[in-house]
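Take a look at the letters that make up each chain.
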Amino acid sequence: MKKVTIKTIQRMKQSEEKISALTAYDFLTAKILDRAGVDLILVGDSVGMVFYGYENTIPVTMDEMVYHTKAVSRGVERAFLVGDLPFMSYQISEIDAMKNAGRLLKEGGAEAVKLEGGEIVADTVWQMTQSGIPVMGHLGLTPQSVHQFGGFKTQAKSKQAADILEEDALILQDAGCFAIVLEKIPATLAKKVSESLEIPTIGIGAGVGCDGQILVTNDMLGMVDDLKPKFVREYANLSKDIEKAVKSYGNDVKNGKFPSEKQSF
Ligand code: KIV
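Keep in mind the model is a prediction, meaning the values are calculated, not measured.

A.B. asks: So what's going on with the overall build of the protein chain? Residues and values would help.
C.D. replies: The helix and strand inventory of the protein chain stands at eleven helices and eight strands. Taken against the 2.2 N^0.38 rule, which gives 18 Å for 265 residues, the C-alpha radius of gyration of the protein chain at 20 Å falls within 12% of a compact globule. C-alpha atoms of the protein chain, sized along the principal axes, occupy 65 × 40 × 40 Å. Once local pairs closer than 6 in sequence are excluded, the contacts in the protein chain between residues at least 24 apart make up 59%. Within the structure as shown, the protein chain displays about 14000 Å² of accessible surface, and the carbon and sulfur contribution to it stands at 55%. Across the protein chain, 30 positive and 35 negative side-chain charges occur, with their mean positions spaced 6 Å apart.

What follows is the structure, encoded as structure tokens:
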């Protein structure tokens, strides 16, 4: 087992080895993902929707992110661990941003932080990276701006918006980001941006031209019944499997078939 570091992630881009990334919010899931060899684990603020049942990521707090990052970090040995900075934890002041990023590393055990936005966060990214905090950027459909976008729509479809995104990606690279998430943008644009950067891009709904891919783990495991984004591929159907298992257990309990001698003392 060779630990994945920021250097490994950078080398993977140079050697054109794709980076596999997934989200985790708890110890046991993190352990399984790590054992399965995923390169990067993100404790995403998608925890708000997946774990807390919020409609979007806006209500997620810094304390919640630290709590989940702590749990996940105990389960991770090999993967590179990134903690997400939630809405308004880095936008108000650079002092807040530094304190909160520091908490994800010091208290949570993350090895890097992720934040959303382009030029507007460049100074913050610079300060963090100069202080030894690796930063992953996030462009395109940045879910913390859901109300500004008017929904979870594909971004950067116009020439003007695409130009701004390309410029933002270069600005984030110059500010010191070690990687950038590109979410829900046209595949051709994501490929162009990926080719123009020295740092890797990690796509979600951004086509195959990115240097890596990330999905929300619960989406790819088929645990989410109501909302199924087009960019998700389900590799399991855990929602149905869990339902089936729980029904079997319930029947066995009611019929006196559980526990048997095997589970008794
Ligand atoms: O919060 C999250 O899980 C994310 C990824 C989907 C990129 O930002």
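A.B. asks: Before we move on, can you summarise the site of the ligand with the specific residues and values?
C.D. replies: Taken together, Thr23, Leu42, Gly44, Asp45, Ser46, Asp84, Lys114, His138, Val181, Ile204, Ile214 and Val216 make up the full set of residues near the ligand. Between Ser46 and the ligand, the recorded distance is 2.5 Å, taken from a side-chain N or O atom to an oxygen atom. Here an oxygen atom of the ligand and a side-chain polar atom of Asp84 are 3.3 Å apart. When the residues that make up the shell around the ligand are grouped by side-chain class, the tally is five nonpolar, four polar and three charged.

A.B. asks: Can you explain the pattern of salt bridges? Please cite residues and give values.
C.D. replies: If you walk through the whole model with that rule in mind, you get eleven salt bridges. Residue Asp211 pairs with Lys13 through a salt bridge whose shortest N-O separation is 2.9 Å. Here Asp211 is found in the loop between strand E7 (201-204) and strand E8 (212-215), whereas its partner Lys13 is found in helix H1 (residues 6-14), with 198 residues between them in sequence. Note that Arg78 is salt-bridged to Asp39, the shortest N-O span being 3.3 Å. Placement of the pair is Arg78 in the loop between helix H4 (62-75) and strand E3 (80-84) and Asp39 in the loop between helix H2 (27-35) and strand E2 (40-43), with a sequence separation of 39 residues. Residues Arg78 and Asp39 agree in their burial class; the two are buried. Overlapping salt bridges bring together Asp63, Arg103 and Glu107 as one network.

A.B. asks: Give a description of unusual backbone geometry that names residues and reports values.
C.D. replies: A negative phi holds for most residues other than glycine; trans holds for most peptide bonds. Backbone torsion omega between Phe258 and Pro259 reads 0 degrees, so that peptide bond is classified as cis. With respect to the secondary-structure elements, Pro259 resides in the segment after helix H11 (238-254). Positioned with a positive phi, Glu16 is a non-glycine residue whose angle comes to about 55 degrees. Position of Glu16 among the secondary structure elements: in the loop between H1 and strand E1 (19-23). For Met88, which is not a glycine, the phi torsion comes out positive at approximately 70 degrees. Its relative accessible area of 39% is what places Met88 among the partly exposed residues.

A.B. asks: Residue-level account of the pairing of E1, with values.
C.D. replies: Judged by how many residues are buried, E1 sits mostly within the fold: four of five residues are covered. As paired elements, E1 and E8 share four bridges and run parallel to each other. Among the inter-strand pairings, Ala21 is bridged to a residue of E8, identified as Ile214. Bridging between E1 and E2 involves three bridges; their strand directions are parallel. Bridge pairing in E2 places Leu22 opposite Ile41. In this region the chain leaves E1, passes through H2 and returns to the parallel neighbour E2; the handedness of that crossover is right-handed.

A.B. asks: Which residues make up the domain arrangement of the protein chain, and what values do they have?
C.D. replies: Taken as a whole, the protein chain is organised into domain 1 (6-234) and domain 2 (240-265). Distance between the C-alpha centres of domain 1 and domain 2: 40 Å.

A.B. asks: With reference to specific residues and values, describe a negative patch on the surface.
C.D. replies: On the surface, a cluster of negative charge is contributed by Glu94, Glu119, Asp123, Glu167 and Asp174. Counting through the fold element by element, Asp174 comes out in helix H8 (residues 159-175).

A.B. asks: Tell me about the nonpolar core, and name the residues and values.
C.D. replies: If you look at the biggest cluster of nonpolar residues, it comprises 72 residues, and the most contacted ones within it are Leu40, Ile41, Leu85, Met128, Phe178 and Leu182. Ranked by the residues each element gives to this core, the list is headed by H8, at six residues.

A.B. asks: Run through H8, naming residues and quoting values.
C.D. replies: Residue pairs three or four apart in sequence face the same way in an α-helix, which turns once every 3.6 residues. Between its first and last C-alpha, H8 extends 24 Å over 17 residues, near the 24 Å set by a 1.5 Å rise per residue. Burial in H8 covers these residues: Ala162, Leu165, Asp168, Ala169, Ile171, Leu172, Gln173 and Ala175. Contacts from the buried residues of H8 go to helix H6 (122-130), strand E5 (135-140), strand E6 (179-183) and helix H9 (187-196). Taken from the residues just after H8, Gly176 is the one with a positive phi, measuring 115 degrees.

The rules behind each value
Residues numbered from 1 in each chain as written. Predicted model: local features only at pLDDT ≥ 70, side-chain atom pairs only at ≥ 80, totals over all residues. Heavy atoms only, no water. Helix = DSSP H or I, 4+ residues; strand = E, 2+ residues; numbered from the N terminus. Rg over C-alpha atoms; globule rule 2.2 N^0.38 Å. Contact = heavy atoms within 4.5 Å. Areas by Shrake-Rupley, 256 points an atom, 1.4 Å probe, with all protein chains shown as cover. Lys, Arg positive; Asp, Glu negative; His and termini not counted. Charge placed at Lys NZ, Arg CZ, Asp CG, Glu CD. Near = heavy atom within 4 Å. Polar contact = N/O pair within 3.5 Å; in protein donor to acceptor, adjacent residues only side chain to side chain. Nonpolar A, V, L, I, M, F, W, Y, C, P; charged D, E, K, R; others polar. Salt bridge = Lys/Arg side-chain N within 4 Å of Asp/Glu carboxyl O. Buried < 20%, exposed > 50% of the residue type's maximum accessible area, 1.4 Å probe, protein only. Pairing = 2+ DSSP bridges. Right-handed = clockwise from strand over helix to strand, strands pointing away. Domains from an automatic or database assignment. Patch = residues over 30% accessible without salt bridge, like charges linked within 9 Å, V, L, I, M, F, W, Y side chains within 5 Å. Core = buried A, V, L, I, M, F, W, Y, C linked by side-chain atoms within 4.5 Å. Expected span 1.5 Å × (residues − 1).

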